[in-house]
Amino acid sequence: MRRAVVAVLLGGLLAALAAQPADARVARIVVERTAPYAEGKSFGEAGPFERLDGTVYLEVDPDDPLNAVIVNLDRAPRNARGLVEFSAPFFIIKPVDLARGNGKLLYGINNRGNAIELPFQTFPRLPAGADPDSGDGLFFRLGYSFVDAGWAGDVLTTATRLGANLPVAMQADGSPIVARIRIEYPSDPTRQPLGGDTYTLPLKGNDRFLSYETADSDTAHSTLTVRDAIDGKRRPIAPDRWAFGQCPAGEASLTPSTLDICFFDGFHPDKVYELIYPARNPWVMGLGYAVTRDVASFLRYETADDAGTPNPLARSADAVGIRRAYGLGISSTGMYMRDYLYLGFNEDESHRQVFDAVRIHIPGSHRLFANVEFADPNIYSRQDRTADFTSQSHPPLTYAVTTDPVTNVRDGILKRPATDPLVFHVDTSNEFWQMKASLNVHDGHGNAVPIPDNVRLYLLASHPHGGSPGVGLVPTDRGACEHVTNSYGGAAPLMRALLVALDAWADQGLEPPESNYPDVRRGTLATVDEVARTFPGIPGVTFPTTVNGLDVLGFGPTFGSQGGRQTVLPPTRGASYQVLVPTTDRDGHDIAGVRTVDIEVPVGTNTGWNLYAAGPRGRDLCGLTGSFFPFARTRAERLASGDPRLSLEERYGDHAGFVAAVKRAADDSVGRRLLLQEDADLIVEMAENSDILR
């Protein structure tokens, strides 16, 4: 009798436990392909690496307070245990023999499905179209394992892009959620210029992402407008001049569709079009943050999934192989990482810290706002496009908890000391022009704000969004811009050195290089007009008259700092913030910030801004590009042109003098831990091989 009672009690206890939702976790990890990485090449002491591709299946408890922040999680389908299921493709690059690695994980969060961390931090830069596996492999020579997993529900997974299989939110009765959303065309004039014969586009604006389909194909129930400039007046386009559908040759070729737009008169490349339409079936996009949290946590802390499949980074059945984990984000995923921290995702459901440290690169003060019903995490605010769209700067703007004097919101990105990581935040000059970066260090009225002890801020002085040209290089391409562009070349050496410094800070407690960022208290931030007055009078150069400013945007009462639902489109505009840009020296280079060798030993002036070529968009900032203005070769040439900047000969004398200056600057950067010695050697070699003053 006694045994029977015990058995009944035990059975009841087990049943009760089984009924309890488990912690959010990786329920199942499936490795579908294993192959040698870089054709089996050996990377230093870590030896050969292998690449694992597969799918990770996850579950979260919608009733856990840590997940309550996820918009529409309560409207997602649940399984028999009350959990919400989702999945994502992933890849892992790891030492074949984990014991030869350094026991540390780099989680490089993909940008719009593209795994850009490895090529972005390869030096020298790989030529266009080169196999990213053919780089110098710094991460792997240092012994790291590397992982990435899809997180965005609107990215279609392909051989080269990582999406995510996220659930669609529904009404309580199972009917679709419908809400009005807003799209701007062209979605990016610097990457996808419209032609005069462009009659049809996917609703999203391009075919790299899945569109939200319209819930109503009657164009009278939607609004399409056109304006001549970003800040121009919206003019309505009659409902009978466009349709939901595809029409590659114009109106006569119209085929109805719920995923495309057809404009019978054709989209003009110099106009700005805006569509507001009723969309249906939003993904629970905020679950993307949970993908990052739970995949990283699993790889760091667990030895196997629920079915007993081993963690690929576990050293044995009872020993995990990862003792440090670092998160990396670039541009939009730098914005993503700011959101990830602010929303509390660096704490897993077992209340453990996920990332010890993070490197957040080129987001300015933007956050991504993927945690929004009908989120569009591929669009972000720039002066020249989608300026008042959702992915943008919104209080809290600072890492420290401060009071925003414009909105009176008291908050901060970092407010959880037990789980907040160490942070390196790196911006270029371009983010001050396009992404309100100055608001990281001053409030909306221009008063300095504190930087937390666990944060370091760095400016890549005079760089555009993708990095300056490189030592001894003289670019000549203008693209769609007024001035020669200097983009996509020179950020990798600093980023590589900072990774080493970040690891030393997190793993050994070694203080990193101090913050080097413009500061209102030092006079290294000023208004556009103030900087224009001190910028050198370079012949033929037009200085910008505008910056991507910030107003208080009202998207409706159900939208706030954590995301939510937008009900007011376009948003209302309230009070304005003070937005500042870096001050410059007599060459036009930023005074504050880390000067890479190509800025310290310049062959021309580099800026973080450019303008569109003369025409309707001529006063707008030209996307994320910067400008390059070469120095005259001789004093006589510069005097003849009226250029106030010293010539190459006045600076360096001859080619040998230029090389010597590069070596001095490289040695100084190595001494300040802002350049690796191996990269310094390559930079000096580049200077020697250049044509400067030959």
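Residues numbered from 1 in each chain as written. Predicted model: local features only at pLDDT ≥ 70, side-chain atom pairs only at ≥ 80, totals over all residues. Heavy atoms only, no water.

Caption draft 1: Just the pattern of salt bridges, in detail. Taken as a whole and judged by the stated rule, the model has 52 salt bridges. D265 is paired through a salt bridge with R241; the nearest N and O atoms lie 2.7 Å apart. Highlighted residues: D265 in strand 12 (residues 255-267) and R241 in the loop between strand 10 (235-236) and strand 11 (242-246), separated in sequence by 24 residues. Judged by relative accessible area, which is 28%, R241 ranks as partly exposed. For R456, the salt bridge is made with E511, and the minimal N-O distance between the two is 2.6 Å. Here R456, found in strand 19 (residues 455-460), pairs with E511, found in the loop between helix 7 (492-508) and strand 20 (525-526); they are 55 residues apart in sequence, far enough to count as distant. Several salt bridges converge on common partners, so that one network encompasses K104, R300, R323, R324, D356, D503 and D507. (Salt bridge = Lys/Arg side-chain N within 4 Å of Asp/Glu carboxyl O. Helix = DSSP H or I, 4+ residues; strand = E, 2+ residues; numbered from the N terminus. Buried < 20%, exposed > 50% of the residue type's maximum accessible area, 1.4 Å probe, protein only.)

Caption draft 2: Just the state of the cysteines, in detail. In total, this model carries two disulfides according to the counting rule given. Between the sulfur of C247 and that of C262 lies a disulfide, 1.9 Å long from S to S. Across the S-S bond of C247 and C262 the torsion is about 100°, and the bridge reads as right-handed. On the criterion of sequence distance, the pair formed by C247 in the loop between strand 11 and strand 12 and C262 in strand 12 is long-range, its members being 15 residues apart. Of the two residues examined, C247 and C262, each falls in the buried class. One disulfide bridge connects C481 with C622, the sulfur atoms lying 2.1 Å from each other. In this structure, the disulfide formed by C481 and C622 twists by about -80° around the S-S bond and is classed as left-handed. (Disulfide = S-S within 2.5 Å.)

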